[in-house]
Amino acid sequence: MNYDVKDIKLADKGRDRIEWAEEQMPVLRLIRERFAREKPLKGVTLGACLHVTTETANLMRTLKAGGAKLGLCASNPLSTQDDTAAALVKHYGVPTFSIRGENNTTYYAHIHSVLDLKPNISMDDGCDVVSTIHSERQELIPHMLGGSEETTTGVIRLRAMEEQGVLAYPMIAVNDADTKHLFDNRYGTGQSTIDGVIRATNHLLAGKIVVIGGYGWCARGVATRARGMGANVVVTEVDPLRALEAVMDGYRVMPMAKAARIGDVFITLTGDTTVIAGKHFPLMKDGAVVANSGHFDVEIDIPALKKLSKSVKPIRDNVQQYTLRNGRRINLLAEGRLVNLAAAEGHPPAVMDMSFANQALAAEHIVKHHDKLERRVYGVPKEIDREIARLKLKSMGVKIDKLTREQKHYLASWHLGT
Ligand SMILES: NC(=O)c1ccc[n+]([C@@H]2O[C@H](COP(=O)([O-])OP(=O)(O)OC[C@H]3O[C@@H](n4cnc5c(N)ncnc54)[C@H](O)[C@@H]3O)[C@@H](O)[C@H]2O)c1
């Protein structure tokens with residue numbers, strides 16, 4: 001089996017951690033058991049580009065149980081857990097190409113290694129596989145049944161391809177499922193981003209001013225968690241509706257140029273570029289901590305920070321300290337890459353249980369229905385979304401009411417009023 005991981009001797013440690021995560025992923029386990037019986041992915045090769053974490057390893061086990069042949073590479077150069085990658089190769093037989101800290105050349109070489117396996121389904125987190133297929137590996141397009149996309153930024157890129165008429169095969173936007181973004185983006189990113197900032201800095205958040213760039217699903221999760229730890233949260237936004245929500249949720253909202261002067265910790269989660277720009281750094285307090293948890297490392301203008309600095313030194317794991325020419329120090333976490341994955345372990349398995357249940361069922365849906373799907377971006381079918389919510393509640397031992405016949409009738413009628 002072809003693979004490229006840091007150290008295959010880490011495999012046993014990785015397996016223990018993968019099994020530990022699995023205990024928190026009951027919905028995915030149920031799907032794996034069914035897949036093992038029914039083999040819905042038999043004969044299919046699936047090329048995945050995801051954060052190589054213990055949760056992803058459990059998704060790979062599920063897809064393999066379903067009969068798929070697999071190839072896996074990382075969707076971010078800093079998000080790979082090297083022990084997980086080794087375990088995937090040694091214990092689970094998944095060709096894995098990812099090494100934490102790989103440079104851009106190796107990152108793309110690993111994507112090509114997965115594409116060399118000639119996948120029929122792509123599974124992306126950020127759209128790098130799809131964009132590579134469309135730009136450099138077009139010979140694969142006739143074999144593609146479909147693809148799925150995990151994150152907001154990837155879905156934005158796919159919709160741009162669809163609008164420009166260049167999307168060459170059907171896509172399922174897993175991020176758009178309610179059982180994905182309402183939970184993964186909010187509670188997963190909320191908890192793990194704070195976890196990453198704390199592991200990197202060991203700072204106390206209570207009493208600090210935490211400036212959060214954006215107030216989307218991820219950002220509101222981080223805002224809630226930061227407030228819960230006693231931070232004084234400031235939000236910056238460009239969308240009036242989201243800004244208004246932030247105001248009514250009780251946060252201070254202001255432009256970044258104003259927030260830059262008062263913040264102790266800055267976290268961007270917008271999917272946009274240059275949210276913290278060169279002009280903002282000289283305004284910041286000495287010792288400000290700057291981090292990003294949006295998909296790409298473009299939200300903080302790091303080239304500008306470098307230009308403004310007279311020196312830079314690594315001061316702790318995942319912290320680079322830049323000293324500006326005005327003498328103030330700016331602490332950049334995880335090179336501006338996803339802080340929750342680079343400095344912590346990413347989302348906890350209990351929430352990835354639902355995201356990856358969507359991924360597994362999306363793959364099955366593509367295999368079953370690819371002949372009816374067009375070159376478009378589809379949502380996850382509503383019945384899959386609801387079923388995942390139902391199974392998750394069941395696994396948590398939570399029961400809910402059922403609509404009575406009378407209630408169904410009432411909700412479907414327009415005659416009954418005051
Ligand atoms: N860290 C993780 O593990 C993780 C998990 C899920 C998603 N993501 C990524 O996080 C990012 C945000 O995802 P989301 O689901 O919250 O998206 P979203 O679309 O719900 O929210 C993004 C928000 O950012 C705002 N925004 C855009 N440009 C801005 C600017 N210049 N200044 C301030 N606000 C701005 C938008 O108005 C919007 O409200 C995406 O890149 C997504 O791929 C990361």
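Our structure's up above, just so we're on the same page.
A brief look at the structure comes next. (Residues numbered from 1 in each chain as written. Predicted model: local features only at pLDDT ≥ 70, side-chain atom pairs only at ≥ 80, totals over all residues. Heavy atoms only, no water.)

For the chain, the count of helices and strands is 16 helices and 15 strands. Relative to the compact-globule value of 22 Å for 418 residues, the chain shows a C-alpha radius of gyration of 22 Å, a close match. By principal-axis analysis of the C-alpha atoms, the chain measures approximately 70 × 65 × 45 Å. For the chain, the proportion of its 418 residues judged to be buried stands at 55%. For the chain, contacts bridging at least 24 residues in sequence account for 72% of all contacts bridging at least 6. As displayed, the chain has an accessible area near 19100 Å², and 52% of this comes from carbon and sulfur atoms. Considering the chain, the positive charge centre built from 55 side chains and the negative charge centre built from 49 side chains are found 3 Å apart. (Helix = DSSP H or I, 4+ residues; strand = E, 2+ residues; numbered from the N terminus. Rg over C-alpha atoms; globule rule 2.2 N^0.38 Å. Buried < 20%, exposed > 50% of the residue type's maximum accessible area, 1.4 Å probe, protein only. Contact = heavy atoms within 4.5 Å. Areas by Shrake-Rupley, 256 points an atom, 1.4 Å probe, with all protein chains shown as cover. Lys, Arg positive; Asp, Glu negative; His and termini not counted. Charge placed at Lys NZ, Arg CZ, Asp CG, Glu CD.)

Our focus in this paragraph is helix H2 (residues 26–38). Residues spaced three or four apart along an α-helix point in a common direction, a consequence of the helix completing one turn every 3.6 residues. The first and last C-alpha atoms of H2 sit 18 Å apart over 13 residues, in line with the 18 Å expected at 1.5 Å per residue. Along H2, the positions that sit buried rather than exposed are Pro26, Val27, Leu28, Ile31, Arg32 and Phe35. Contacts made by the buried residues of H2 are with helix H1 (11–22), helix H3 (54–65), helix H14 (349–369) and helix H15 (382–395). Lys39 occupies a position one or two residues after H2 and carries a positive phi of about 50°. (Expected span 1.5 Å × (residues − 1).)

The next thing to look at is the sheet that holds strand E11 (residues 288–292). As summarised here, the arrangement of the eight strands in space is E9-E8-E7-E10-E11-E14-E13-E12, forming an open sheet in which the pairing is mixed. Bordering the open sheet on either side are strand E9 (252–253) and strand E12 (309–316), each of which pairs with just one other strand. Pairing analysis gives three bridges linking E11 to strand E14 (residues 329–333), with the strands arranged parallel. Opposite Ala288, over in E14, you have Ile330 as the bridge partner. (Pairing = 2+ DSSP bridges.)

Taken as a whole and assessed by the stated rule, the structure comprises three aromatic pairs. Consider the rings of Tyr107 and Tyr108, whose centres lie 5.1 Å apart with planes at 85°: the pair is edge-to-face. Here Tyr107 falls in the buried class, since its relative accessible area comes to 4%. For Tyr108, a relative accessible area of 31% puts it in the partly exposed group. Judged by centre distance (6.1 Å) and plane angle (45°), the ring pair of Phe183 and Tyr187 falls under tilted. With Phe183 and Tyr187 both in helix H8 (residues 178–201) and four residues apart, the pair spans about one turn of that helix. For Arg220, the ring lying beneath its charged end belongs to Trp217, and the centroid distance is 4.6 Å. (Phe/Tyr/Trp six-rings, centres within 6.5 Å; stacked < 30°, edge-to-face > 60°. Lys NZ or Arg CZ within 6 Å of the ring centre and 35° of its normal.)

The backbone of Asn318 shows a phi angle near 65°, a positive value even though the residue is not glycine. Residue position: Asn318 is located in the loop between E12 and strand E13 (319–324). On the basis of relative accessible area, Asn318 is assigned to the partly exposed category, the value being 24%. Look at Glu335: it is not a glycine, yet its phi comes out positive at around 55°. Looking at where Glu335 falls in the secondary structure, it is placed in the loop between E14 and helix H13 (339–342).

A few words on the site of the ligand. For the ligand, the set of nearby residues contains 26 residues, the closest of which are Thr151, Thr152, Thr153, Glu237 and Ser293. Between Asn340 and the ligand, the recorded distance is 2.8 Å, taken from a side-chain N or O atom to an oxygen atom. Residues belonging to the shell around the ligand are distributed by class as follows: seven nonpolar, 15 polar and four charged. (Near = heavy atom within 4 Å. Polar contact = N/O pair within 3.5 Å; in protein donor to acceptor, adjacent residues only side chain to side chain. Nonpolar A, V, L, I, M, F, W, Y, C, P; charged D, E, K, R; others polar.)

Within E13, five of the six residues are buried, which leaves it mostly tucked inside the rest of the structure. By the bridge criterion, six bridges tie E12 to E13 in an arrangement that is antiparallel. When the bridges of E13 are listed, Lys313 appears paired with Gln321. In sequence, E12 turns back onto E13 through a hairpin of two residues, with Asn318 there showing a positive phi of about 65°. The pairing of E13 with E14 spans five bridges and is antiparallel. Each residue of the ladder has a partner; that of Gln321, found in E14, is Asn331. Turn length for the E13-E14 hairpin, with the two strands adjacent in sequence and antiparallel, is four residues, and the turn residue Gly327 shows positive phi of about 90°.

With the rule as written, the count across this model stands at 25 salt bridges. We note a salt bridge from Lys285 to Asp264, for which the minimum N-O separation is 2.9 Å. Linking Lys285 in the loop between strand E10 (265–268) and E11 with Asp264 in the loop between helix H11 (256–262) and E10, this pair joins segments that are 21 residues apart in sequence. Ionic pairing is found between Asp385 and Lys382, a salt bridge with its closest N-O pair at 3.9 Å. With Asp385 and Lys382 both in helix H15, this residue pair falls three residues apart, about one helical turn. For Asp385, a relative accessible area of 4% puts it in the buried group. Beyond isolated ion pairs, a larger network of salt bridges with shared partners links Lys13, Arg17, Asp83, Asp195, Arg199 and Glu345. (Salt bridge = Lys/Arg side-chain N within 4 Å of Asp/Glu carboxyl O.)

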